[in-house]
Number of protein chains: 2
Amino acid sequence: MTEVEVIAHKLAKKQKEISVAEFFERNKHILGFGNPTRALLTSVKEGVDNALDACEESGILPDIYIEVRNHEDGECTLIIEDNGPGIIKKQIPHIFGRLLYGSRFHAILQSRGQQGIGISAVVLYSQLTTGKHAKITSKIQEDRPATVTELAIDTNKNRAEVISRDIVHWEKPSGTRLEVSIVADYKRGKRFVYDYLQSTSIVNPHAQITFKEPDGTQHLFERISEALPTKSIEIKPHPYGIELGTLIKMAKMTKSRKLSSFLKSEFSSMGERTTNAVCEKAQLDKELDPKKMYREQFLALHKAFKKVKIMAPSTDCLSPIGETLIKRSLKHETQEISPEFIYTASRPASVYSGSPFQIEVGIVYGGSLPKDKPVKLLRFANRVPLLYQQGDCVSTAAISSIDWRRYGFDQPSGRGIPSGPAIFLTHMSSTLIPFTSESKEAIADIPEIENEIKLAFRECARKVQSHIHKEIKRAKTREKFDLITKILPEIARKSADMLDKTVPSIDAVITKIMDVVWIEDLIEYEKASSKPAQSTLFEDPSGPQDGGWITKSNVLVVNYKNTPQKFNLYAVIPEDAVVGTVTPKPAKITNHYIKWNLETLEPANKIDVSFELAGLDKGDFDENDLYIENINAAYVIGADKWEGE
Amino acid sequence: MTEVEVIAHKLAKKQKEISVAEFFERNKHILGFGNPTRALLTSVKEGVDNALDACEESGILPDIYIEVRNHEDGECTLIIEDNGPGIIKKQIPHIFGRLLYGSRFHAILQSRGQQGIGISAVVLYSQLTTGKHAKITSKIQEDRPATVTELAIDTNKNRAEVISRDIVHWEKPSGTRLEVSIVADYKRGKRFVYDYLQSTSIVNPHAQITFKEPDGTQHLFERISEALPTKSIEIKPHPYGIELGTLIKMAKMTKSRKLSSFLKSEFSSMGERTTNAVCEKAQLDKELDPKKMYREQFLALHKAFKKVKIMAPSTDCLSPIGETLIKRSLKHETQEISPEFIYTASRPASVYSGSPFQIEVGIVYGGSLPKDKPVKLLRFANRVPLLYQQGDCVSTAAISSIDWRRYGFDQPSGRGIPSGPAIFLTHMSSTLIPFTSESKEAIADIPEIENEIKLAFRECARKVQSHIHKEIKRAKTREKFDLITKILPEIARKSADMLDKTVPSIDAVITKIMDVVWIEDLIEYEKASSKPAQSTLFEDPSGPQDGGWITKSNVLVVNYKNTPQKFNLYAVIPEDAVVGTVTPKPAKITNHYIKWNLETLEPANKIDVSFELAGLDKGDFDENDLYIENINAAYVIGADKWEGE
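Residues numbered from 1 in each chain as written. Chains lettered and ligands numbered in written order. Predicted model: local features only at pLDDT ≥ 70, side-chain atom pairs only at ≥ 80, totals over all residues. Heavy atoms only, no water.

**Student:** Can you walk me through the nonpolar core in this structure?
**Tutor:** As a rule of thumb, soluble globular proteins bury nonpolar side chains together. By size, the foremost hydrophobic cluster in this structure holds 110 residues, and its most contacted members are I66(A), F96(A), L197(A), I66(B), F96(B) and L197(B). The residues contacting I66(B), other than those within four sequence positions of it, are V44(B), V48(B), L78(B), I79(B), I80(B), L197(B), I209(B), T210(B), F211(B) and K212(B). (Core = buried A, V, L, I, M, F, W, Y, C linked by side-chain atoms within 4.5 Å. Buried < 20%, exposed > 50% of the residue type's maximum accessible area, 1.4 Å probe, protein only. Contact = heavy atoms within 4.5 Å.)

Here it is, written out as structure tokens:
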């Protein structure tokens, strides 16, 4: 031992624990409070996301009120109020005054909040920037008073300091109200708040959102559906992609005494047969005590998971937005643009690191969208719009890695965000969205997710491309058609006149020149009568509400070939539409399409096909997607070859 | 009370604390472990950054050894070893087995690690993906044995679980060695590791880094300077930009009994006079007990901070890379490109949220860099290269917001990353780098920082632009010059021949046609002799090392005007260069420039100016930056008007 102090000992004196609240107090930008503009949006977002989750979890149609009171010196008071189930008195300090505390972290189900950080971060930011306390009012039962709690956060301990508690009368049957003062740039930030609330309301049509500005202006985003989204079910982890360390940890904590029961009871998609197959592949005795297994045995089990075909996770735990809402959202974004068309694509559920997820995308094309600017990207995760950190999001990476030149977009060097008159929307739903940071604005670049987004966009892009091709082909044929159907009869008429003969039928001639089956269509919308029609087809409870719309699609098929034609016609329909009257009698109606086995069509003859759809808004279905079968697609204008579902 | 359970009570049962280790176990992508390629780099980076910090803190020249052993199935063993001060036995479980624990979080000084998360995150990732324990060897004193600790992390508690402890003999005088097994994609990841180590070595020339690949290949990044970077000093927070909440918290915890002593002892740049001014502006009694102040008083104090001119924070706490190292780094990046020139710009220290920071930037231009591709961005924070999340970094935002078309770059719509044959480097040094997430790859978009980066790049871009202009002007004059100095004498000689007369002096004619002062220069490098020259100018201890280089700059000034000229010449020199022989005798030498008051130069006369620089590598100084004073700059080719320092 020397007299001189060893450096390591000197350094050891500086080593200290850092409380998570202290950490985020110092690194508030990580939570999305990096500047006063963004801090406003983050605060609103955390409050609204929490409110939506709480309501949905409890089966309550959300009614959310947001108010910003603008004071001097860039300080705002923010009020967020919901009609959710309320929070019991004892939990209020934990939920609002403690970071990393919550109910949704340990549950595998789709929710907006997952981290147990968001709302307490708002309180932390408020305290840091204004030194004021947060005030939480909560009522949990109709016949009881509400409690008002004022609290601060002791950042050294990451615990709430309750300043005062009170009991008040509150009109609401139940609910929670948060009032905080924050440093925020309202002038610059309000646009983001408005955009966020609007997008949120579009993909959450069951929510009613009221936003009151400091000057008293009130914006109401109305509830347009009384149906809560399908409640997502809590599930167990799926064996695909689960980390070895997680598997070991689960085995250490299980109550099962046998490997087989451990696998069957703590994982999803592990039935008797799959469990047996996995154990066999891993060469492990099903009777093994999971608590006593070695690392090598877990490793074998972990490898066996990948080698055995295991059913995809149940998608009950996921609540995708759905084609119609995506289209509606995109339409809303583009109402002043009158785009040419909107396409969507939805992937089946997949898994990354044991967590199920699903990707939906949409492309709006044309109209007055600028042709020489990069396409605009819209991003959503679990129905929450993402407004910041686009550059760092997996969706951006996925889109950038596609060669969009193949689909008619401008993209120097075949990488990067393409330019063109389009908006691209991406939605990821998952039981665990892998955000790049606690501010939850960008999704991490995880290969499985990137791949699914790419596949979805490729599918969507192909539709765009096929639409454009179809349009070009149809336009060319239309030209020929116009020429023939207008000029030939004119010639026939004039010749007959001159020769003083009756006008000859030239159908055969036209047919000979055209040599195609011509399909064209028209879509109309009609207000549904207040009382549903008597048709049994409309008995579905999600059918047209009072004042809803009926979409009427009319398809004209003309045989301009010189031989009789007999073929099948398919019309693809939105999954959430309810089918009304269909003529002629269809051969099949599924969730996805209507199929007709058309009668033999003689040359120069035509047939009218029509169908009605309910349960959609005006404009939700604005383009027929038609396919033909049992006929050479090269002879048909206006429909593509049916490739199966 | 009803029989039915209130929803809020049901929900309360699910509310739980989340340990920070659990949080990151679930969200490993936030820490930079989102995919196996990136996980490799993140692991190496956390280890190397930690090792560099530990060595520098203890005044030890870092000698770091990294080894990757590639096993099957994408599992690697990673070894990171340093010659730092070691870690005492008791602290090892905390430092490696507990997140949010460290020595640098609470200190305001520039260091690579600040979060107390990095290295324990590597251990966490290792455990999660391979289920193996981490092995840490540490020796704190030459005459004592080393300890070997094997540990795991109990993620439910965020505490280390020590598996075994042992004592071994280790050759090193002191040091730390970490051995972990991780799931990583070595094949894809090694390029990033190599890039990171190379860039690290360039901006940390005092470090020796050895990297051993799985196949035994060994890369040595040699130490090229024996001088440790100036040790950054721990400072107190600066009043500018400090959050109100932080101020209140500091006042609650202070030992000072008076407001004045609180301000003077716990803030930087608060002397007697500034303290008085602040108290007066805030209308607060200096004798107030800071512990008993009200929020409104703090608010007044907080506002007063902004209204009083307070000296910028001391930059002792910052350790910028410096112009020379930046140039060297950029040169290294571009060695196969032979760029036309490299410019750098360095901003004075500034403050955001009470933390001092400094921005340095550099631009490489020309050579074989592609003209039609976006410029390449290189980013550093506290001498650590940032390789991921470029899209989300404040430097990208700052660069994108400049209209680069003004500086000759291609940039459709005047926003976004410009295209052109250039590389842009940004370095931020700060006592607290506001990273967007715990993975420390992107800096948050904080207005003060964005602004400084913009200012630095604008300054640098002006240099680029002026260089290009100067080159064009010089090229034009050179053409004229060549014509005159070669063709006129030829004509004179031929005419004299023909007339059989002696060749006339045509200097006057040339002078009349040229009508400029012509300045041209040449830079040469010479190996310094092993023993420093006897000149007293070389006595500086940081002078040329054995085998160093002497940079010799020769400047030729010719008066091609038809009147005598008398003016001053300035040569700007790198701050870290040591000036050797200078002729003629200079009027002034500072850290930044050499000034000559040149003697009157008669028409057609010339003067040779030269100077030597030591302490630089060959090529560090490769372009003279010359200015003139007391002469109309329009008459001078090869130097600009001196605008003061």
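**Student:** Would you take a moment to explain helix α7 (residues 244–253) of chain A for this structure?
**Tutor:** Burial runs high along α7(A): seven of the 10 residues are buried. Buried residues of α7(A): L244(A), G245(A), L247(A), I248(A), K249(A), M250(A) and A251(A), and no others. Buried residues in α7(A) make contact with α8 (259–266) and α10 (295–307) of chain A together with α2 (20–26) and α5 (118–130) of chain B. (Helix = DSSP H or I, 4+ residues; strand = E, 2+ residues; numbered from the N terminus.)

**Student:** So what exactly am I meant to see when it comes to the pairing of strand β19 (residues 568–572) of chain B here?
**Tutor:** All names here are of chain B. Counting buried positions along β19 gives four out of five residues, so the element sits mostly inside the fold. With five bridges joining them, β19 and strand β22 (residues 593–597) adopt antiparallel strand pairing. Bridging across to β22, Y570 finds its partner in K595. The pairing of β19 with strand β24 (residues 625–629) spans five bridges and is classified as antiparallel. Bridged to A571 within β24 is L626. (Pairing = 2+ DSSP bridges.)

**Student:** Even after reading the chapter, I still don't get the packing of aromatic side chains, so can you show me in this structure?
**Tutor:** Centre-to-centre distance and the angle between the planes together describe a pair of aromatic rings. Residue and element names in this part refer to chain A. Scanning all chains against the criterion turns up 44 aromatic pairs over all chains. Plain terms: the ring middles of F424 and F457 are 5.3 Å apart, the flat faces sit at 35° to each other, and that makes the pair tilted. Of this pair, F424 sits in strand β16 (residues 422–430) while F457 sits in helix α13 (residues 447–499); the two residues are 33 residues apart in sequence, bridging distant segments of the chain. Given the relative accessible area of 0%, F457 is considered buried. Ring centres of Y570 and W642 lie 3.8 Å apart, and the angle between their planes is 5°; this geometry places the pair in the stacked category. Of this pair, Y570 sits in strand β19 (residues 568–572) while W642 is found in the segment after β26 (640–641), placing the two residues 72 residues apart along the sequence. (Phe/Tyr/Trp six-rings, centres within 6.5 Å; stacked < 30°, edge-to-face > 60°.)

**Student:** Explain the sheet that holds strand β20 (residues 578–583) of chain B here, please?
**Tutor:** Whether parallel or antiparallel, the strands of a sheet pair through hydrogen bonds between backbone atoms. All names here are of chain B. Reading across the sheet, the five strands line up as β20-β23-β18-β17-β25 and stay open at both edges, with mixed pairing between neighbours. Looking at which strands have only one partner, the edges of the open sheet turn out to be β20 and β25 (636–637). With respect to the sheet, helix α13 (residues 447–499) is in contact with β17 (517–527) and β25, its orientation differing from that of β17 by roughly 110°. (Axes fitted to C-alpha atoms, helices over the stretch in contact; angles between N-to-C directions.)

**Student:** What should I look at first to understand the side chain of R347(A) in this one?
**Tutor:** Residue and element names in this part refer to chain A. Looking at the secondary structure, you find R347 in the loop between β11 (341–346) and β12 (350–352). Residue class for R347 comes out buried when judged on its relative accessible area of 19%. Each residue touching R347, except ones within four places of it in the same chain, is listed here: Q358, I359, E452, L455 and A456.

**Student:** Before we go on, may I ask you to explain the interface of chain B and chain A in this structure?
**Tutor:** It is common to give the size of an interface as the accessible area that goes away when the parts come together. Residue-level contacts link 83 residues of chain B with 83 residues of chain A. When chain B packs against chain A, the two sides together hide about 7200 Å² of surface, and 56% of this comes from carbon and sulfur. Contact with chain A buries area across many residues of chain B, yet I18(B), R26(B) and F105(B) alone supply 10% of it, more than any other trio. One can count six salt bridges joining chain B with chain A. For the salt bridge of K28(A) with E243(B), the shortest nitrogen-to-oxygen distance reads 2.9 Å. (Buried area = accessible area lost by both parts, 1.4 Å probe. Salt bridge = Lys/Arg side-chain N within 4 Å of Asp/Glu carboxyl O.)

**Student:** Can you help me understand the relation of the copies chain B and chain A in this one?
**Tutor:** Here two copies of a chain appear, and what relates them is a rotation about an axis with a shift along it. With an axial shift of 0.1 Å and an RMSD of 0.3 Å, the rotation relating chain B to chain A amounts to 180°. The two molecules are tied by a two-fold rotation axis, judged by turn and shift. Considering only C-alpha atoms, the residue of chain B closest to the rotation axis is G391(B), which sits at 2.0 Å. Residue by residue, 100% of the interface of chain B is reproduced at the interface of chain A, so both copies engage with the same surface. (Least-squares fit on C-alpha atoms with pLDDT ≥ 70 in both.)

In short, shape yes, function no, at least from these values alone.
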